[in-house]
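Residues per chain, in single letters:
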Amino acid sequence: MSVWIGSMQKHIEGFKELTTYNDIVNIAAPKEIYIPLINGVSTAFEVLVKEGDRVFVNTKVAVRNDRFEVPLFSPVSGVVKGIKKIMHASLKPVDHIVIENDELYESTISIPHLDLEKATKDEVIEFAKVAGIVGMGGAGFPTYFKYLTPATLKVVLINGVECEPYITSDYRMMENYTQDLITGFIAMMKMANAQEVHIAIKKSKKKLIKYIQEAIKPYPFASIKEVDDVYPMGWERTLVYAIYKKRYVKIPCEVNVIVNNATTAIALGQAITKQMGPTMKMVTVSGNGIKNPANVFVPVGTPASHIIAQLGGYTDENITLVAGGPMMGKTMTTDAWVITPYTNAITITKTEQVDSMTCLRCGTCNDHCPAGLLPVRINNAEQAKNVDLIAQLNADLCIECGLCTYVCPSKLEVTEGVRRAKRVLALKKGA
Amino acid sequence: MKLQFKVSPTMKTRQSTQQIMMLLTLGLMSVVLFSSAFYFVEYGMNYVVHLWSLLAVAVSVAVASEAVWAYFLKKDIVKYLKTSFPWVTAIILVLMVPISTPLYPIAIGTFFAIVVAKLMFGGFGHNVFNLAGVGRAVMLFSFGAAIMPDLVTSATPISSIANLGWVVKDAVQLETFLAQFGGISGLLFGWYPGAIGETSALLIMVIGIFLAVKNVLDWRIPVFYMGTIFVLSALVAAIQGLGIWFPLYNIFAGGAMFGAVFMLTDPVTNPTSASGRILFAIGAGIITMLIRLQGNYPEGVVFSILIMNMLSPMIDRFTDGWQLELSKKYVTSIATLSVVGALLMGVVGFNLQAVAIEEPEPEVPDITLSSPIALDQSASATQGVILSSSVDGDATVVLVEINGYKVLSGEYDDALPNKVEVRINTSTLKVVSVTVVEVKDTNNIGTKVDNPIFLDQFKDLDQTGSVDAVSGATVTSLSVVRAVYAALEHVKGGE
Ligand code: SF4
Ligand code: SF4
């Protein structure tokens, strides 16, 4: 395949050593917590508390009420101060429930008990729904919904690849919550009626592989699949192709595989054993722009600025702050946004000025696009305002992985050009 | 504190276009150094000086043209040059010409390549044709074989084989032919004169691999291009019954390797998709072979590159779409193109005719015959000396030494005897053939007897026959007659 199309992936420098081995920093909740009323792109939420209400740790404060049901829980005990619109990590102003933290951490239980041994497939799926389990790898897609597929599933693939540079939160989660990971994937096998669990980890993470291998010994249905250290190996399509040599049209279920992030499995495991929703999050804060890069364990709703201050602050006057990893995350112009259940990283780097120059038509971007697109052609078509050509080039299949910009030797913002083309296409479809 | 906004991704590879161009320059300069060493060792310092003069002229013309252009566009000249890389074109162009090229054609070729083919098309990244290719074509058309008077170049390997009609079947002829360039391995190491940079295929290959590993060029292009040339010439070799030397020759001799690594890979004039570049490279390979064999034109590489450059935008349009969905179409079209190429080459291959130039039929100079000489009139005169005599089937072969001029006159003291070989049928005692082995008589006069018009007269004669002498060389004719008589006498006597 790669001869005719290109490699569709690339090894990129990971800088993972910055946060793989040092201590995880527990960050106490600040005085005020902001629960963002957003999931994916949806802001359709029913707020279950009102100003002045007292809430506990684990109190269900809101629930998404459109096509999907996603509950949100309070990570602290305290008093609801109201609703405030602030900038969210998706670069949009979004409503947040403001909770004043009384620092007592009195807790309640809002999730039913699940007896995993006896539970049926449907019961586990229902449990995942009420526990508010969403894709923790950054997407935030409701996990229960994926398992409602009528397709026959043979394998649950646990995605522990973590291909974005700098990010090590999945690594640290898998290493520290191995038992929860196991409970999580057993529950997922139940939801999928699958016979096997495969855990995908990069070949280069030798230590973790050894460690997990030891831990899953008692579970003969589980095994590790080692994959190459390339980007975007963590993308479902790339990963499924790398392991099973199969391509699918829409979702991996077509090839009898269901993919879940490792941290999602851990969150599910914790919900089952501890009866708590995803209110705490492991976040990698890394890059040369932060004094003490580390993984932090923080309550959902904590502002980024609070975390950054606890890690010694910025190293420079001019910094670039990204919510997420440097490839797919969004650059923020403020650090006032808060951690969501599916935030996995804050990448902070010193701002570097790079000069771009004319495209030399090298085709490197085309060779590496994991979606099999031709980014430079899409850029040209967008500049020529040729909507038909943009459509023919299937710009809408772009996942904005950023690889085309990354590889471009002329330092052009190729991904941004494809984004613009996608918007042109969306407008045309809307019209 | 400033939080910089920037569209994602914020991380970029360290490799830059500037680095790519520097590595390419480095690769080209290695070829320049190799060639300098070659000309120094084989021809002397003034060749090296000329090589570097060519380089200096081409690079200055290229840089100066772009600087002036930038000045008129009111751009920062240094910045403009740093992102335009005019010297790359200049170096490639110099490497494509023979060492005997004078300075003014290279200046004009460079100027045309830079100003017309590059700047007028919009500058770096916008040219349609390979710049050095354009420069070379301009030079070929306007100056043809303009050469420096005091520098010599021998024929390039590709033009020499073109002169032979490409098909060299005779083993001896092949060996002498290849020996000019030190055999196939000689071509590989490149210690023979050709265009300045088209010499060592091995060196260029090594540089190509280095540049491919460094992501400076796409390995697909040289691999598929050279692969196509190899397969097509192997096909022709199979049809014509030539050996493995033929495909190897096509790969290692001449500019194919140089074009594959340094010109065809020029990204600006390439299609941008992987499969497009494969189609591009195969197409160029087919055209190169067609121009070489059918057009019998040695510069197949340059023109195939220019033709494919023209097709690049079309190939890009052809491969537009979702690669995963189209990969089947790509494989089929690549296969189709290969088959078409093979068929074309098959037709060309069948029609190739060897042109025998290497060992031309010894030319038969016009001679006229005059008064007859009877063989037996020799009976009374000086006898030839029988040097050797051997039996070969029906015939006896006798080598006779016979005095030529020396016999006739004292004036020619230092005249040496001639040698004649006579083949005589042992049973009928008649002459089968006469061969003049050595004529020591005056060149251009005495040597006239070594001519079938004269010698064929002896056929089937016995001692009673007579032949007509060669006019203007009667003395030497007479000496041959005497030798034949002596030989007949010897065979008869031996019975
Ligand atoms: S950002 Fe889009 S176009 Fe660019 S490489 Fe990724 S998927 Fe392809
Ligand atoms: S990688 Fe950059 S320079 Fe190369 S073709 Fe793509 S956009 Fe152009």
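Residues numbered from 1 in each chain as written. Chains lettered and ligands numbered in written order. Predicted model: local features only at pLDDT ≥ 70, side-chain atom pairs only at ≥ 80, totals over all residues. Heavy atoms only, no water.

## Some points on helix 8 (residues 171-179) of chain B
Residue and element names in this part refer to chain B. Among the residues of helix 8, those classed as buried are Gln173, Leu174, Phe177 and Leu178. All buried residues of helix 8 lie within an arc of 125 degrees about the axis, which places them on one face of the element. Turned more than 90 degrees away from the buried face of helix 8, the exposed residues are Ala171, Val172, Glu175 and Ala179. (Buried < 20%, exposed > 50% of the residue type's maximum accessible area, 1.4 Å probe, protein only. Helix = DSSP H or I, 4+ residues; strand = E, 2+ residues; numbered from the N terminus. Arc of directions from axis to C-beta.)

## Here we look at the site of ligand 2
In the vicinity of ligand 2, the contacting residues are Cys359, Leu360, Arg361, Cys362, Gly363, Cys365, Val376, Cys408, Pro409, Ser410 and Val414 of chain A. Partitioned by chemical class, the residues of the shell around ligand 2 number 8 nonpolar, 2 polar and 1 charged. (Near = heavy atom within 4 Å. Nonpolar A, V, L, I, M, F, W, Y, C, P; charged D, E, K, R; others polar.)

## Some details on a nonpolar patch on the surface
Residues and elements named next belong to chain B. Residues Phe40, Val41, Met45 and Val49 make up a contiguous nonpolar surface patch of about 390 Å² in total accessible area. Elements that contribute at least two residues to the nonpolar patch include exactly helix 1 (17-43) and helix 2 (45-72). One can find methionine 45 in helix 2. (Patch = residues over 30% accessible without salt bridge, like charges linked within 9 Å, V, L, I, M, F, W, Y side chains within 5 Å. Areas by Shrake-Rupley, 256 points an atom, 1.4 Å probe, with all protein chains shown as cover. Salt bridge = Lys/Arg side-chain N within 4 Å of Asp/Glu carboxyl O.)

## Concerning the interface of chain B and chain A
With 52 residues of chain B at the interface, the matching set in chain A holds 65 residues. The junction of chain B with chain A conceals about 4900 Å² of combined surface from both sides, 59% of it contributed by carbon and sulfur atoms. Considering only the side of chain B, the residues that lose the most area to chain A are Leu3, Met11 and Lys12 of chain B, jointly responsible for 15% of the buried surface there. Put simply, chain B and chain A have 8 salt bridges between them. Between arginine 361 of chain A and aspartate 316 of chain B there is a salt bridge whose closest N-O contact spans 3.2 Å. Our enumeration of links across chain B and chain A arrives at 26 residue pairs in polar contact (both at pLDDT 80 or more). Elements that contribute at least two residues to the side of chain B that touches chain A include exactly strand 1 (2-3), helix 1, helix 11 (220-240), helix 14 (274-294), helix 15 (300-319) and helix 16 (323-351) of chain B. Here the side of chain B that touches chain A is composed, by residue class, of 22 nonpolar, 20 polar and 10 charged. Pairing geometry for strand 15 (residues 318-323) of chain A and strand 1 of chain B, over 2 bridges, is parallel. Each residue of the ladder has a partner; that of isoleucine 319 of chain A, found in strand 1 of chain B, is leucine 3 of chain B. (Contact = heavy atoms within 4.5 Å. Buried area = accessible area lost by both parts, 1.4 Å probe. Polar contact = N/O pair within 3.5 Å; in protein donor to acceptor, adjacent residues only side chain to side chain. Pairing = 2+ DSSP bridges.)

## Focus: the side chain of arginine 377 of chain A
Note on placement: arginine 377 of chain A falls in helix 12 (residues 375-383). Look past the residues within four positions of arginine 377 of chain A in its chain and what remains in contact with it is Leu393 of chain A together with Thr272, Asp316, Arg317 and Asp320 of chain B.

## Some thoughts on the sheet that holds strand 5 (residues 60-65) of chain A
The pairing of strands in a sheet comes from backbone hydrogen bonds and takes either a parallel or an antiparallel form. Residue and element names in this part refer to chain A. Read across the sheet, 3 strands follow the order 3-5-6 without closing on themselves; strand pairing throughout is antiparallel. Every interior strand has two partners, whereas the edge strands, strand 3 (45-47) and strand 6 (69-73), have only one. Across the sheet, the mean angle from the axis of one strand to that of its neighbour is 25 degrees, orientation sign disregarded. Two strands pair when backbone bridges link them, and strand 5 and strand 6 are joined in this way by 5 bridges, in the antiparallel orientation. The residue of strand 6 that forms the bridge with lysine 60 is phenylalanine 73. (Axes fitted to C-alpha atoms, helices over the stretch in contact; angles between N-to-C directions.)

## What to know about the state of the cysteines
Under the defined criterion, the tally for this structure stands at 0 disulfides over all chains. No disulfide involves cysteine 163 of chain A; its sulfur sits 9.0 Å from that of cysteine 401 of chain A, the nearest cysteine. (Disulfide = S-S within 2.5 Å.)

## Structural notes on the nonpolar core
In this structure, Trp245, Tyr249 and Phe262 of chain B are the most contacted members of the largest nonpolar core, which totals 113 residues. For this core, the leading source of residues is helix 14 of chain B, giving 11 residues. Of the residues that make up this core, three or more belong to each of domain 1 (15-151) and domain 2 (155-192 + 200-358) of chain B. When neighbours within four sequence positions are excluded, tyrosine 249 of chain B is seen to be in contact with Pro157, Ile158, Ile161, Phe177, Leu178, Phe181, Ile184 and Leu187 of chain B. Grouped together as the second largest cluster of nonpolar side chains are 55 residues, Ile125, Met174, Ile201 and Tyr342 of chain A included. (Core = buried A, V, L, I, M, F, W, Y, C linked by side-chain atoms within 4.5 Å. Domains from an automatic or database assignment.)

## Section: the packing of helix 6 (residues 131-143) of chain B against helix 15 of chain B
Residue and element names in this part refer to chain B. Contact geometry for helix 6 and helix 15: axes closest at 10 Å, N-to-C directions at 125 degrees. What the angle tells us is that helix 6 and helix 15 run oblique. Crossing geometry of helix 6 relative to helix 15 is assigned as left-handed. Across the interface between the two elements, Gly133, Val134, Arg136, Ala137, Leu140 and Phe141 of helix 6 pack against Val302, Phe303 and Leu306 of helix 15. Here the residues of the contact of helix 6 with helix 15 are counted per class, giving 7 nonpolar, 1 polar and 1 charged. (Parallel < 35°, antiparallel > 145°, perpendicular 65-115°, else oblique. Left-handed = near helix turned anticlockwise from the far one by under 90°.)

## Details of the packing of helix 5 (residues 169-176) of chain A against helix 9 (residues 262-274) of chain A
Residues and elements named next belong to chain A. In contact at an axis separation of 9 Å, helix 5 and helix 9 are set at 40 degrees when each is read in the N-to-C sense. Between helix 5 and helix 9, the angle falls in the class oblique. Seen from above, helix 5 lies across helix 9 with left-handed handedness. On helix 9, the residues that touch Asp170, Met173 and Met174 of helix 5 are Ala262, Thr263 and Ile266.

## Let's talk about the pattern of salt bridges
Residue and element names in this part refer to chain A. Tallied over the entire structure, the rule returns 36 salt bridges over all chains. With a shortest N-O distance of 2.7 Å, arginine 64 and aspartate 66 are connected by a salt bridge. According to the relative accessible area criterion, aspartate 66 is partly exposed, its value standing at 37%. Between arginine 420 and glutamate 382 there is a salt bridge whose closest N-O contact spans 3.3 Å. With arginine 420 in helix 15 (residues 414-430) and glutamate 382 in helix 12, the pair connects residues that are 38 residues apart, well separated along the chain. On the basis of relative accessibility, which here comes to 33%, the residue arginine 420 falls in the partly exposed class.

## Considering the side chain of asparagine 451 of chain B
Residues and elements named next belong to chain B. Checked against the element boundaries, asparagine 451 lands in the loop between strand 6 (431-438) and helix 18 (452-455). Taking the relative accessible area as the measure of exposure, asparagine 451 reaches 0% and is therefore buried. Looking at asparagine 451, its side chain comes within polar contact range of the main-chain nitrogen of isoleucine 453, at 2.9 Å.

## Notes on the environment of isoleucine 99 of chain B
Residue and element names in this part refer to chain B. On the secondary structure map, isoleucine 99 appears in the loop between helix 4 (86-96) and helix 5 (103-118). A residue is classified by how much of its surface remains accessible, and isoleucine 99, at 0% relative accessible area, is buried. When the C-alpha atoms of isoleucine 99 and valine 68 are compared, they prove to be 29 Å apart, with 31 residues separating the residues in sequence.

No statement about biological role is implied by the geometric values presented.
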